[in-house]
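Coordinate inspection notes
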Amino acid sequence: MTTPRTGAEELGDPELSAASLAEPGAVTVIIPTFNESGNVRELLHRLTESVPSRLPCEVVFVDDSTDDTPEVIRSAAQDCPFPVTVLHRETPTGGLGGAVVEGIKSAGSDWIVVMDADLQHPPALVPELVASGERSGADLVVASRYVRGGSREGLAGGYRIAVSRGATWLTKALFPRRLRGISDPMSGFFAIRRSVVTADVLKPLGYKILLELAVRCRPERVAEVPFVFQERFAGESKSTAKEGMRFLGHLVALRTASPAARMLAFGLIGLTGFVPNLIGLHLLTAGGMHYLPAEIVANQFGVVWNFLLIEVLLFRDRRGHRHWADRVGRFALLANADLLLRIPLIALFVGWLEMAVLPATTLALLMTFVLRFAATEALVYLPRQRSRSERTA
Ligand code: GDD
Ligand code: MN
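Sequence positions are assigned chain by chain, starting from 1 and proceeding in written order. Each chain gets a letter, beginning with A, and each ligand a number, beginning with 1, in the order they are written. Confidence filtering applies because this is a predicted model: local features only for residues at pLDDT of at least 70, side-chain atom pairs given and counted only at 80 or more, and all residues used for totals across whole chains, interfaces and linings. Each side-chain value is derived from all of the structure's non-hydrogen atoms; neither hydrogens nor water enter the calculation.

1. Notes on the environment of Val252
- Summarising the element assignment, Val252 is placed in helix H8 (residues 241–255).
- Note on classification: 1.4 Å probe, protein chains only; a residue is buried when its accessible area is under 20% of the maximum for its type, exposed when over 50%, partly exposed between these limits. Look at Val252 and you get partly exposed, because its relative accessible area is 25%.
- In this structure the C-alpha to C-alpha distance between Val252 and Val312, which are 60 residues apart in sequence, comes to 9.9 Å. In DSSP terms, a helix is any run of H or I states spanning at least four residues, a strand is any run of E spanning at least two, and both are numbered starting from the N terminus.

2. Some points on the UniProt feature "transmembrane region" (unreviewed entry) in the protein
- Under the local residue numbering, the UniProt record ascribes the feature "transmembrane region" (unreviewed entry) to residues 264–284, 296–316, 328–350 and 356–382.
- For residues 296–316, the end-to-end C-alpha separation is 28 Å, with 90% helix and 0% strand making up the annotated structure.
- For the annotated span residues 328–350, helix accounts for 100% and strand for 0% of the residues, and the straight-line distance between the end C-alpha atoms is 31 Å. UniProt positions are given in the numbering used here, feature names are shortened, and annotations may be inferred rather than shown by experiment.

3. What to know about the pairing of strand E4 (residues 111–114)
- Neither face of E4 is left uncovered, since the one carrying Trp111 and Val113 and the one carrying Ile112 and Val114 both have all their residues buried.
- By the bridge criterion, 4 bridges tie strand E1 (residues 27–33) to E4 in an arrangement that is parallel. Residue pairing for E4: Val29 is matched across the bridge by Val113.
- With 4 bridges connecting them, E4 and strand E6 (residues 190–193) associate as antiparallel partners. Residue pairing in the sheet places Val114 in a bridge with Phe190 of E6. Paired strands, in this sense, are two strands between which DSSP finds at least two bridges.

4. Here's the deal with the UniProt feature "domain: GtrA/DPMS transmembrane" (unreviewed entry) in the protein
- According to UniProt, the positions carrying the feature "domain: GtrA/DPMS transmembrane" (unreviewed entry) are residues 266–380.
- As annotated, residues 266–380 has a helix share of 83% and a strand share of 0%, and its two end C-alpha atoms lie 14 Å apart.

5. Considering the packing of helix H7 (residues 209–216) against H8
- All axes here are fitted lines through C-alpha atoms, helices being fitted over the stretch that makes contact, and every angle between N-to-C directions spans 0 to 180 degrees. At their nearest, the axes of H7 and H8 sit 11 Å apart, and the two run at 5° to each other. Our classification of the angle between H7 and H8 gives roughly parallel. In this structure, H7 contributes Leu211, Glu212, Val215 and Arg216 to the contact, and H8 contributes Phe247, His250, Leu251 and Leu254.
- Throughout this entry, Asp, Glu, Lys and Arg are counted as charged residues, while Ala, Val, Leu, Ile, Met, Phe, Trp, Tyr, Cys and Pro are counted as nonpolar. The remaining residues, Gly among them, count as polar. For the contact of H7 with H8, the per-class residue count stands at 5 nonpolar, 1 polar and 2 charged. By definition in this entry, angles of less than 35 degrees are roughly parallel, angles greater than 145 are roughly antiparallel, angles of 65 to 115 are roughly perpendicular, and the rest are oblique. Note on definitions: a residue-residue contact is assigned when non-hydrogen atoms from the two residues lie within 4.5 Å.

6. With respect to the domain arrangement of the protein
- As assigned here, the protein comprises domain 1 (8–236) and domain 2 (259–391).
- Boundary definitions for the domains trace back to an automatic or database domain assignment. The centre of domain 1, based on its C-alpha atoms, is set 43 Å off from the matching centre of domain 2.

7. Things to note about the coordination of the manganese ion (ligand 2)
- All of the protein donors around the manganese ion (ligand 2) are Asp118 (OD) and Gln120 (OE1); their distances to the metal are 2.0 Å.
- On the basis of relative accessible area, Asp118 is assigned to the buried category, the value being 4%.
- By relative accessible area, Gln120 is classed as buried at 11%. Coordinating donors are taken as N, O and S atoms within 2.8 Å of the metal, stretched to 3.2 Å for Na, K and Ca; because water is absent from the atoms, sites can appear incomplete.

8. Observations regarding H7
- Buried residues dominate H7, accounting for 8 of its 8 residues.
- Turning to H7, its buried residues number three or more, namely Ile209, Leu210, Leu211, Glu212, Leu213, Ala214, Val215 and Arg216.
- Summarising the contacts, the buried residues of H7 are in contact with helix H4 (95–106), strand E5 (140–144), helix H6 (157–174), E6 and H8.
- Directly after H7, the chain includes Arg218, whose backbone phi takes a positive value near 45°.

9. A few points about the pairing of E5
- Burial of E5 is extensive: 5 of the 5 residues sit out of reach of the surface.
- Alternating residues of E5 divide into Leu140, Val142 and Ser144 and Val141 and Ala143, and every residue in both groups is buried.
- As defined by bridge partners, E5 adjoins E6 across 3 bridges and the pair is classed as antiparallel. Residue Leu140 lies in a different strand from E6, and its bridge partner there is Ile192.
- The pairing of E5 with strand E7 (residues 222–226) spans 5 bridges and is classified as parallel. Its bridge partner being in E7, Ser144 is matched across the sheet by Pro226.

10. A word on the site of ligand 1
- Neighbouring ligand 1 are 26 residues, the closest being Glu36, Asp116, Met186, Lys208 and Lys238.
- Pairs of N or O atoms are called polar contacts if they sit within 3.5 Å, as long as, within protein, a hydrogen donor faces a hydrogen acceptor (for residues adjacent in sequence, only side-chain-to-side-chain pairs). Note that an oxygen atom of ligand 1 is positioned 2.9 Å from one of the backbone N or O atoms of Pro32.
- Between a nitrogen atom of ligand 1 and a side-chain N or O atom of Asp64, the distance comes to 2.6 Å.
- Protein contacts shield 95% of the accessible area of ligand 1, which totals 750 Å² for the unbound molecule.
- Those elements that provide at least two residues to the shell around ligand 1 are E1 and H4.
- The leading source of residues in the shell around ligand 1 is H4, at 3 residues.
- Of the residues assigned to the shell around ligand 1, the class counts are 10 nonpolar, 7 polar and 9 charged. Nearness of a residue to a molecule or strand requires only that one of the residue's heavy atoms be within 4 Å of it. Calculation of accessible area relied on Shrake-Rupley with a 1.4 Å probe; when residues are assessed, cover is drawn exclusively from the protein chains displayed.

11. Quick notes on the sheet that holds E6
- With mixed pairing, the 7 strands of this open sheet are ordered in space as E3-E2-E1-E4-E6-E5-E7. Single-partner strands in this sheet number two, and they are strand E3 (84–88) and E7. Shown here is a sheet whose adjacent strand axes are inclined to one another by a mean of 20°, direction ignored.
- Lying on the sheet, H4 is in contact with E1, strand E2 (57–63), E3 and E4; it crosses E1 at an angle near 150°.

12. A word on the environment of Val303
- Structurally, Val303 can be placed in helix H10 (residues 291–314).
- Val303 sits in the buried class, given a relative accessible area of 8%.
- Remark: the alpha-carbon pair of Val303 and Ala335, spanning 32 residues in sequence, is separated by 6.5 Å.
- Apart from the residues within four sequence positions on either side, Val303 is in contact with Phe331, Ala332 and Ala335.

Structure, rendered in structure tokens:
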């Protein structure tokens, strides 16, 4: 049991606040906030009404606000029978998801519940999420809008409903195994056992923190509890079109997390690069150029095409440590070094095996592909060496 303690911790120094989180309850409720001053008082009030009598708890706000949300929390926390902490971040790294991971790192309880601050997630459901996990032995309990008894009443407008539905479908299609048993992977309301969260593997990117946890931490057993997504209590949604793009980037990052998946994606992109390459080759040879110089020129079409796709889709999160001109240079160098290797191969196929130019080129492209993937990953998109020390600093 926790000794009831009131008042928010020191603001602005996450480490200090996290360290002084004494005697956590059975559940740590993590609430990301970005300018939610109109909601936090009511939220704490409703949490007080429904949680501590059924379940010892502590509440951690991870705040990126530019308004007075931290002060409002601190003042409202005085009436709370459970510990309330505010971790205010000066730099909102990773957005909503980054905030939640920050909170998870500071949490000491067996259970973690993540919920929004705007009362779209009913606080009364917090004990039920944990109880359901305890009853069923699940590691993750998702509050779902899409099981019987749940609904998305508060999701404003047909446009948002359509986007939400499309996103859910796409996500489930991309991760059929990891998301088995989760009907609402877009939900921002869930309970997870602290023991299954390996915070250091998480690389959250924006809103979809449940998806991040489900895919990277692979909780074995999942359960769902229906809930009615309410109207926002006060203020406005912080979700924007930019957040939508971030979500797509997040999906690609998750889908290409393993080296094997990355190589497959690299290969698929490379395959699409055959199109500009072969079209160029066809046009140039049809125009009377000898096939060997034509190979060199046509290769550049493929290089540009591949570079653009790889930059945007595959190594989006690993671009930062090198200037783009540096990356273009290295990429083009590698792709053409690859050509250097390929030209004698093609000449061999054409000259000795009497293959036609196009199939010979295709075969040689395939053969040099694996080599090029390994070299590109290592030499162009090498993970930043600095980032770890930066993080601990
Ligand atoms: N710390 C922090 N940093 N908090 C943030 C940030 C940020 O950059 N952006 C948003 N938040 C907080 C908000 O203050 C709020 O408490 C919560 O995250 C959700 O933000 P909303 O802006 O209310 O999101 P929404 O209602 O559009 O989306 C919610 O519902 C979706 C399902 O339709 C979220 O729960 C989504 O995760 C969920 O997919
Ligand atoms: Mn909301």
